[in-house]
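# Structural overview for review
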Amino acid sequence: MGLNTLDLVVIVAYLAGVTLFGLLFRGEQKTLKNYFLAGNTTPWWAISLSIVAAETSTLTIISVPGLAYEKDFRFLQLIIGYMVGRIIVSFILIPQYFRGQLVTAYQLIERRFGGGLRSLTAGLFLVTRAAAEGVRVFAVAIVIRIALGNLLSGMSDFERDFAAIAIVTVLTLIYTFEGGMTAVIWTDVVQLTIYLAGTLVAAISILRTVPGGWGTIHTIAGNADKFRMFDTSWNPSATYTIWAGVIGGAFLTTASHGTDQLIVQRLLSARNERQAKLALLSSGVAVFFQFAMFLLMGAMLFVFYKMFPPAIPFVRTDTIFPTHVVSRLPHGMGGLLISAILAAAMSNLSAALNSLSSTTIVDFYARISPLSTEERRVQLSRRATIVWGLMLFGLALLARNGGKVLEMGLSIASVAYGSLLGVFLLGVLTKRASERGAMLGMASGLMLNLYLWLCTSIAFTWYVVLGSTATFVVGYSASWFMPRASVAQTAFQSAEGG
């Protein structure tokens, strides 16, 4: 059917409404703690939902249903690993973050090792987070190109992508710039509600359209083995096996939720350590059910198009869900679903902008200009948000020639996560590791992961496992030959009772 005026009105109303909602939280934010940590006043449940929204992007919503459409439910093995990783972060890393007035994850590295390694880890975060986020922002263009194809028929593909990415980036920048982390968290809560509700609407629509409803869907999808969840085979090139999922997923989440400022910043925004743990652990349960719902949507779409074949076969699975929304849902509902997908994009983008800005100012500018005032730092934080918005906009355009957006985004992040996690574990679990040893280990882990990514067929789910292991082993071994402890390391050990 395509989208009509009613759908466009719904989309515009959403974009305007969420931007105005985010602007409600602008206030007298004169300190970095208020701007980047919401003044430590946010309840745990809001942080929990914000964490879920932050790790759920447009590429998740459009790619995960495609995984089940093309294959089955084996992606959930990775989510089980995500839940295990959250438990590890809660017991090993969160207590460390709440032993001091920290704003970023990388301040912990300086406290343990020194300023050099802090700069290295923070810099690696900036580069890889920006690259991965560029891929996620590009996913918006896939949706808009399908949704508004008729309306933008006079434009080239590049022009349509440019316009779609620009609209979402500018609107997200407005409320992130003004409201800081407070606006980010509460708009996350609203946007999470919107995209989950939208997905449920799409599921109900399919149930009502397929003759026989759920019974037919369950039978056809079951016979096609779409509900298969576990794969016990041992194949390092297979992305979704029980071993790669649980082990790789646990390491990936320990890295992403324990060393990545995108998530750590939310945990540091909690009122205390206990609430941070509660927020993180509860988000794991929510994420499992969310991804199960997205995969179920993919299985339902498989049955739907088995019974009602598309006029033109799908070329890539990333386009199946948005195409269904535009061509099969009643007017108004289609606009709601497109708004839901945009909600995920804006939620993830706002989180990235705030975390990139906080790392830039706290881990670099504040150290270069230690006498600068809080007011000056907050002012520069807002400017940094704009600069990173422009950077992500450009990177999203560069990502247009990539492959499957979900796995490409996860692969980019996983390359860096291995060395980051290895360094954090060296700092928290050992007392002998030195700064120079940790740097050597970090370089080894990063080079190994780059090799695995570019030169082998090993699945991305193993990158963090192998990279962090290499970083830890090389870093710890090298520290025996480079044992000099910095002042920061000695202080850290004293605080730990070492």
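Being a predicted model, the structure only gives us computed values, none of them experimental.

## Some remarks on the overall build of the chain
Tallying secondary structure elements over the chain gives 20 helices and 0 strands in all. Scaling as 2.2 N^0.38, a compact globule of 498 residues should have a C-alpha radius of gyration of about 23 Å, and the chain matches this with 22 Å. The long-range fraction of contacts in the chain, counting pairs at least 24 apart against all pairs at least 6 apart in sequence, stands at 86%. For the chain, the accessible area works out to roughly 18,600 Å², and carbon and sulfur atoms hold 67% of it.

## Side note on the pattern of salt bridges
Pairing between side chains of opposite charge can happen when their charged atoms approach one another. Summed over the entire model, instances satisfying the criterion amount to 12 salt bridges. Between E110 and R367 there is a salt bridge; the shortest N-O distance is 3.9 Å. Of the two residues, E110 sits in helix α7 (residues 106–112) while R367 sits in helix α15 (residues 333–368), which places them 257 residues apart along the sequence. By relative accessible area, which is 25% here, E110 ends up partly exposed. Connected through salt bridges with shared partners, the residues D72, R74, R228 and D231 form a single ionic network.

## As for the environment of R129
When you line up the elements, R129 lands in helix α8 (residues 115–147). Spatially, the C-alpha atoms of R129 and I88 are 22 Å apart, while their sequence positions differ by 41 residues. Once residues lying within four places of it in the same chain are set aside, the contact partners of R129 are R136, D260, L262, L356 and Y417. At a separation of 2.7 Å, a polar atom in the side chain of R129 contacts the side chain of D260.

## Describing the packing of helix α9 (residues 157–209) against helix α16 (residues 374–398)
Following both chains from N to C, one finds α9 and α16 inclined at 160°, their axes separated by 10 Å at the closest point. When the axes of α9 and α16 are compared, the pair comes out roughly antiparallel. Along this stretch, α9 crosses α16, giving a crossing that reads as right-handed. Listed contacts from α16 to F158, F162, I165, A166, T169, L173, T176, F177 and E178 of α9 are R382, R383, T385, I386, G389, F393, A396 and L397. Of the residues in the contact of α9 with α16, the class split is 10 nonpolar, 4 polar and 3 charged.

## Describing helix α4 (residues 58–70)
For an α-helix, the turn length of 3.6 residues means that residues three or four places apart are oriented alike. The first and last C-alpha atoms of α4 sit 19 Å apart over 13 residues, in line with the 18 Å expected at 1.5 Å per residue. Of all 13 residues making up α4, 12 are buried, and the element is well covered by its neighbours. Along α4, the residues classified as buried are T58, L59, T60, I61, I62, S63, V64, P65, G66, L67, A68 and Y69.

## Here we look at the environment of V387
Here V387 lies in helix α16. Between the C-alpha atom of V387 and that of L356, which follows or precedes it by 31 residues, the distance is 10.0 Å.

## Looking at a nonpolar patch on the surface
A surface patch of nonpolar side chains, about 300 Å² in accessible area, is lined by I87, F91 and L281. Here F91 is to be found in helix α5 (residues 76–92). F91 sits in the exposed class, given a relative accessible area of 62%.

## A few points about the packing of α4 against α15
Packing of α4 against α15 leaves a shortest axis separation of 6 Å and a crossing angle of 125°. Here α15 runs oblique to α4, going by the angle between their axes. Here T58, I61 and I62 of α4 come into contact with α15, specifically with A340, I341, A344 and A345. Across the contact of α4 with α15, the residue classes tally to 6 nonpolar, 1 polar and no charged.

## A closer look at the side chain of S350
As for its position among the elements, S350 is in helix α15. On the accessibility criterion, S350 (0% relative accessible area) is buried. Here the side chain of S350 touches S347 through a polar contact of 2.8 Å, landing on its backbone oxygen. Dropping the residues within four chain positions of it, S350 is found in contact with T172, Y175, T176, V184 and D188.

## Some thoughts on unusual backbone geometry
Even without being glycine, A38 reaches a positive phi, approximately 55°. With relative accessibility at 5%, the residue A38 sits in the buried group. Not every positive phi belongs to a glycine, and D225 is a case in point at roughly 65°. As for its placement among the helices and strands, D225 is situated in the loop between α10 (213–223) and α11 (242–258).

## Some remarks on the packing of aromatic side chains
Both the distance between ring centres and the angle between the ring planes are used here to describe each pair of aromatic rings. Enumeration according to the criterion identifies 23 aromatic pairs in this entry. Ring geometry for W45 and W186: centres 5.6 Å apart, planes at 75°, overall edge-to-face. Of this pair, W45 sits in helix α3 (residues 44–54) while W186 sits in helix α9, and the two are 141 residues apart along the sequence. Note on W45: relative accessible area 41%, which makes it partly exposed. Between F288 and F289, the aromatic rings sit 5.9 Å apart at their centres with planes inclined by 90°, giving edge-to-face as the arrangement. Among the aromatic residues, those joined into a ring-pair cluster are Y69, F302, F304, Y305, F308 and F314.

## Topic: the nonpolar core
Taken as a class, soluble globular proteins show a tendency for nonpolar side chains to be buried jointly. F75, Y97 and L342 are the most contacted members of the largest nonpolar core, which has 146 residues in total. Top element by residues in this core is helix α13 (residues 273–307). It accounts for 18 residues.

## Considerations on the side chain of R377
Counting through the fold element by element, R377 comes out in helix α16. Within the local environment of R377, its side chain forms a polar contact with the backbone oxygen of P370, the two atoms lying 3.1 Å apart. Those residues in contact with R377, other than ones at most four positions away along the chain, are L32, I361, Y365, A366, S369, P370, L371 and S372.

What counts, and where the lines are drawn
- Residues numbered from 1 in each chain as written.
- Predicted model: local features only at pLDDT ≥ 70, side-chain atom pairs only at ≥ 80, totals over all residues.
- Heavy atoms only, no water.
- Helix = DSSP H or I, 4+ residues; strand = E, 2+ residues; numbered from the N terminus.
- Rg over C-alpha atoms; globule rule 2.2 N^0.38 Å.
- Contact = heavy atoms within 4.5 Å.
- Areas by Shrake-Rupley, 256 points an atom, 1.4 Å probe, with all protein chains shown as cover.
- Salt bridge = Lys/Arg side-chain N within 4 Å of Asp/Glu carboxyl O.
- Buried < 20%, exposed > 50% of the residue type's maximum accessible area, 1.4 Å probe, protein only.
- Polar contact = N/O pair within 3.5 Å; in protein donor to acceptor, adjacent residues only side chain to side chain.
- Axes fitted to C-alpha atoms, helices over the stretch in contact; angles between N-to-C directions.
- Parallel < 35°, antiparallel > 145°, perpendicular 65-115°, else oblique.
- Left-handed = near helix turned anticlockwise from the far one by under 90°.
- Nonpolar A, V, L, I, M, F, W, Y, C, P; charged D, E, K, R; others polar.
- Expected span 1.5 Å × (residues − 1).
- Patch = residues over 30% accessible without salt bridge, like charges linked within 9 Å, V, L, I, M, F, W, Y side chains within 5 Å.
- Phe/Tyr/Trp six-rings, centres within 6.5 Å; stacked < 30°, edge-to-face > 60°.
- Core = buried A, V, L, I, M, F, W, Y, C linked by side-chain atoms within 4.5 Å.

Functional significance is not addressed by these values, which are geometric in nature.
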